[in-house]
Structures are given as C-alpha cells and as structure tokens.
Amino acid sequence: MSISTSTPPSPGLKKVLGPVQLWGIAVGLVISGEYFGWSFGWASAGTLGFLVATVLVATMYTTFIFSFTELSTAIPHAGGPFAYARRAFGPTGGFIAGFATLVEFVFAPPAIALAIGAYLNVQFPGINPKWFALGAYVIFIGLNWIGIGIAAAFELFVTVLAIFELLVFMGVVLPGWSLSNFVANGWAGSNAFNGAAISGIFASIPFAIWFFLAIEGAAMAAEEAHHPQRTIPRAYIGGILTLVLLAFGVMIFAGGVGDWSKLSNINDPLPQAMKVVVGDNSGWLHMLVWIGLFGLVASFHGIIMGYSRQIFALSRAGYLPAMFAALSPRFNTPHRALLAGGVIGIVAIFSDEWVQFGGQTLTANIVTMSVLGAIVMYLTSMAALFKLRRSEPSMPRPFRAPFYPVFPAIAFALALVCLGAMVWFNGMLTLLFVVLMGLAYGYFRFTAHQRHSAAPDDMLATV
C-alpha cells in the first residue's frame, strides 16, 4: 500500500516556477563555487591532486543528482531531504536530514557574503569587506521577501550573466595559459606523487565539493514549481552538466596562468589569476570583478531562498517553533524564516575574532562546516531512496534513478569516503558539528508536542 503524494501541505506556497527558472535556481545555487572557495583545495593537494579530488567529487554529484531526482519528483515538498528522510525513516530520520540541511544552507551564505565583500574590496579598498557582506544579507533577504516569482526571475538573470562571465574569463586568460604552469609542483607542492599527495587529495575534498554544493536545494522549490514531475528532472540534469563543465574549465584555466600557489588561500582567485595575464588596470579585470559578482550573488540569493524554505518546512512540521512557518500576509513568502537564517549568518560573518580552527581562514572553516552538513544529508537521502524502494514499491515515481541500484550506491559510497576524509582532517570542526547536532537533538526530544499538533501532511506520512 502506498500513500498519495498529491495533497499539498498547508500553509502552501505559490506555484510559479517553470523548468528554465528552476534550472536557473539549480545552477545559481552553486555557481559561486566556481568563483571562490575551491582554490583553498590547492593549498593541501596542489593542482594535480585537487584535479583527482574533483573527478571523484564530480562522479559523486552526478550519480547523486540522477538518484536524488527520483525523490524530489516523487515527494515534491519544500522540505526536500528532510521530507524524504521523514517519509522513509520517521521523525528521527527527518531530524537528522533536516539538521544537516540547515547546517549546509545556513552556513554557506556567510562564506559567500564574505567573498562578495572581498570582490568589492578590490574596487573599494577603504571599506571593510564585512560591511559589504552585511549589506548583501539586507538586500537579498528583502528581495526574497517580496516574492518567489521576482526572486526566481532575478536568479535566472544573474545566473546567465555569471555563466557568461566564466566563459569570458577562460577566453581572456587562454593566451597566458601553459600546461607547465598547471602541473608545476602539482602533487601537494611536489612534482612527485607520494604519500603527502594522497593525504592532500583527501584533505582537499571539502573544497572540491564546494564546486557543486547546494545544487540539491532546487528541490526545496518543488512546491512552487508547475508540474514538478517534469520540471525538476530537466532542471537537475541540465544543471549538473552545466556545473561539471564550468568547474573543470575554471580550475584548469586558473591553474595554468602563473604561480597557482598564490591563489590557494584567497577569496578572489579569478581576478587575481586574470591580473597575471592582463595586468592590474585592464578593463577585462574590472569587468570580471563587477560581472563576477553576479556569480556570487546568484548563489547567495538562491541559498537564502533554500534555507528559508527548509526552516519554513521544518517549522510547519513541528521540528522548529511554529512562528517560523508564518507566511508574509502581503507576499505569501516565509519572511520569518528568511530573517532567522540571516541573523545566524551575520553572526558568523562577524565572529572571526573568536572562531579559529586548524589554522584555516574563517571562509575556509565556514565552507567546511557547510560541506559536513551536506555530506550527512547526501548519505541520508540515498539511504531514504533505498528504503522507499523497499517499503513503498508502488509509490508513483515520475522519474526513476537510472542504473538503480548502481548509481545511488556509487553516490553513497563516495559520500562515505568524503565524510571519512573530512572527519579525519577537520577534527575540531567535526566535534563542533556533533555538539550542535546533540543540542538540536535535545530540542527535538523535548518538543514532540509540536510535531503532534502540526497540520497533517500526506507527503511526510510513513507507511
């Protein structure tokens, strides 16, 4: 016996998104990862080691997205991974996936906001980048507040511009690119593949994940999509192909224009790489800084959209206080959820004086924390896929994972490898993640009455 997924939960969100808009959200959520963050992986792995890590991670994401799409079309719920785990494993499974997704989506925006500040600081060196980051939160929380239709149109616009700019970057630096620059000391600072190179490959995994992190967030817009059974597969398949091509293109082109080690610990690797080719005062450089901001803005704006839907869905189901499930009377958007995630992000931005782990920059630590949440969520989602195939074989599945069970098994196995590497190389951050989960689980156990009094939701009902 299966339970229908056709009854939408209440309160509801407006259905205004088509396949192109959803593709824009899927790519836009991620595309800032092509502009910054990934180059921190060069510091531990070198260019060649990081290339190996990226191949592994790209394989994981490709198989994951083809498998995840089955869940997002069968259960088109604003909670995304939370809803799938809740349906498969009950309330505790929902808690694990919901917490992990919140960590991913709430911690990613401050890292992107700091990168926005770093890019603007190139043009306005006298202004503290953190104030630019704060301004980004104010502007894009406001834009998401006024409606998903306007927000999605803006997201599509800036995503297309960001893709165009990445292609321009590759074309402009091509005359200065050489293979010898890219491979020089490419195995963790050495020309020889050895134990340090292997260690560096595993240590760089979080930054390879940053190339693709949050693409799954488009599932949280499922309740706002027209015909999600058709639009979600098109958006996801087109999105992952777009991002794989851009990730490898940007990494390879940036690594071959000079001394790549100078780009390995900064928030603006693309402008600095372009400087090597065109100089400090080129119009191309200024164009990259200004238009390149669109890539950061696209992800920042899209992930704000994602975290607000996750907080909204968790609150509506009784996992968080019901006040965050309220919709704006005028715009029908989850305004309180938008503000809640914004407060956490702004605190993170201004906390670098007392948050230091492992000698990494604040941005690198925030990236790693966000990735930890993502990997736990990926594992939970793939486990939910296997469980639902067994427990609800007759559930309507408009899109079925190809090569099942091989694809989800590959995604699950590679996610386990990534999680092991991250725990091994980021012990303090892992401990912080576990402590936060423990505190959240305490809240979960003591607030069962919230879930009992929540409005019925067929999509979350466990068979």
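If you look the protein up in an unreviewed UniProt entry, it shows as Amino acid permease-associated region from Rhodopseudomonas palustris. Regarding the protein, the relevant UniProt record gives this comment under Subcellular location (unreviewed entry): "Cell membrane".

Student: So what exactly am I meant to see when it comes to the overall build of the protein here?
Tutor: Helices and strands together make up the secondary structure of the protein, namely 17 helices and 0 strands. Relative to its length of 463 residues, the protein is compact, with a C-alpha radius of gyration of 21 Å against a globular reference of 23 Å. Principal-axis analysis of the C-alpha atoms gives the protein an extent of 60 × 45 × 40 Å. When the 463 residues of the protein are sorted by exposure, 60% land in the buried category. Counting only contacts in the protein whose residues sit at least 6 apart along the sequence, the fraction spanning at least 24 positions is 85%. Surface exposure of the protein reaches about 16,400 Å², of which carbon and sulfur atoms provide 71%. In the protein, which carries 20 positive and 16 negative side-chain charges, the distance between the mean positions of the two groups comes to 12 Å.

Student: Would you mind going over the packing of aromatic side chains with me for this structure?
Tutor: Taken as a whole, this structure holds 30 aromatic pairs when the rule is applied. Ring plane angle 35° and centroid distance 6.0 Å describe the contact between Phe 50 and Phe 211, whose orientation is recorded as tilted. You can see Phe 50 sitting in helix 2 (residues 40-74) and its partner Phe 211 sitting in the loop between helix 9 (205-209) and helix 10 (228-255), a full 161 residues away along the chain. Judged by its relative accessible area of 0%, Phe 50 is buried. Look at Phe 211 and you get buried, because its relative accessible area is 0%. Geometrically, the ring pair formed by Phe 95 and Tyr 441 is tilted, given 5.5 Å between the ring centres and 55° between the ring planes. Of this pair, Phe 95 sits in helix 4 (residues 91-123) while Tyr 441 is found in helix 16 (residues 427-446), placing the two residues 346 residues apart along the sequence.

Student: Is there a simple way to explain helix 8 (residues 195-203) in this structure?
Tutor: Side chains three or four residues apart in an α-helix point the same way, a direct result of the helix having 3.6 residues per turn. Buried within helix 8 are the following residues: Ala 197, Gly 200, Ile 201 and Ala 203. In a view along the axis of helix 8, the buried residues occupy a sector of 165°, so they form one face of it. Where helix 8 is buried, its residues touch helix 2, helix 9 and helix 15 (406-425). Where helix 8 begins, one side-chain oxygen reaches toward the backbone nitrogen of Ala 196, 3.1 Å away; that side chain belongs to Asn 194.

Student: Looking at this structure, I do not really get the packing of helix 1 (residues 19-30) against helix 10. What am I missing?
Tutor: The angle between the axes and the distance between the axes are what describe a pair of packed helices. Where helix 1 contacts helix 10, the axes come no closer than 8 Å and their chain directions differ by 40°. Accordingly, the angle class assigned to the pair helix 1 and helix 10 is oblique. As for how helix 1 packs across helix 10, the hand of that crossing is right-handed. Contacts between helix 1 and helix 10 involve Pro 19, Leu 22, Trp 23, Ala 26, Val 27 and Val 30 from the former and Thr 231, Ile 232, Arg 234, Ala 235, Gly 238, Gly 239, Thr 242 and Leu 243 from the latter. Split into classes, the residues belonging to the contact of helix 1 with helix 10 amount to 9 nonpolar, 4 polar and 1 charged.

Student: Can you walk me through the nonpolar core in this structure?
Tutor: Taken as a class, soluble globular proteins show a tendency for nonpolar side chains to be buried jointly. Phe 50, Tyr 61, Ile 209, Leu 270 and Ile 375 are the most contacted members of the largest nonpolar core, which totals 153 residues. Among the elements that line this core, the one with the most residues is helix 14 (residues 362-391), at 17 residues. Other than its neighbours up to four places away in sequence, Ile 375 contacts Met 60, Ile 209, Ala 415, Cys 418, Leu 419 and Met 422.

Student: For this particular structure, what's the right way to read a nonpolar patch on the surface?
Tutor: Among the surface-exposed residues, Phe 193, Ile 198, Phe 202, Val 417, Trp 424 and Phe 425 lie close enough to one another that they form a single nonpolar patch of about 620 Å² accessible area. Looking at the nonpolar patch, the elements that each hand over two or more residues are helix 8 and helix 15. Sorting elements by how many residues they give to the nonpolar patch places helix 15 first, with 3 residues. Mapping Ile 198 onto the fold places it in helix 8.

Reading the values: rules and limits
- Residues numbered from 1 in each chain as written.
- Predicted model: local features only at pLDDT ≥ 70, side-chain atom pairs only at ≥ 80, totals over all residues.
- Heavy atoms only, no water.
- UniProt positions renumbered as here; feature names shortened; annotations may be inferred.
- Helix = DSSP H or I, 4+ residues; strand = E, 2+ residues; numbered from the N terminus.
- Rg over C-alpha atoms; globule rule 2.2 N^0.38 Å.
- Buried < 20%, exposed > 50% of the residue type's maximum accessible area, 1.4 Å probe, protein only.
- Contact = heavy atoms within 4.5 Å.
- Areas by Shrake-Rupley, 256 points an atom, 1.4 Å probe, with all protein chains shown as cover.
- Lys, Arg positive; Asp, Glu negative; His and termini not counted.
- Charge placed at Lys NZ, Arg CZ, Asp CG, Glu CD.
- Phe/Tyr/Trp six-rings, centres within 6.5 Å; stacked < 30°, edge-to-face > 60°.
- Arc of directions from axis to C-beta.
- Polar contact = N/O pair within 3.5 Å; in protein donor to acceptor, adjacent residues only side chain to side chain.
- Axes fitted to C-alpha atoms, helices over the stretch in contact; angles between N-to-C directions.
- Parallel < 35°, antiparallel > 145°, perpendicular 65-115°, else oblique.
- Left-handed = near helix turned anticlockwise from the far one by under 90°.
- Nonpolar A, V, L, I, M, F, W, Y, C, P; charged D, E, K, R; others polar.
- Core = buried A, V, L, I, M, F, W, Y, C linked by side-chain atoms within 4.5 Å.
- Patch = residues over 30% accessible without salt bridge, like charges linked within 9 Å, V, L, I, M, F, W, Y side chains within 5 Å.
- Salt bridge = Lys/Arg side-chain N within 4 Å of Asp/Glu carboxyl O.

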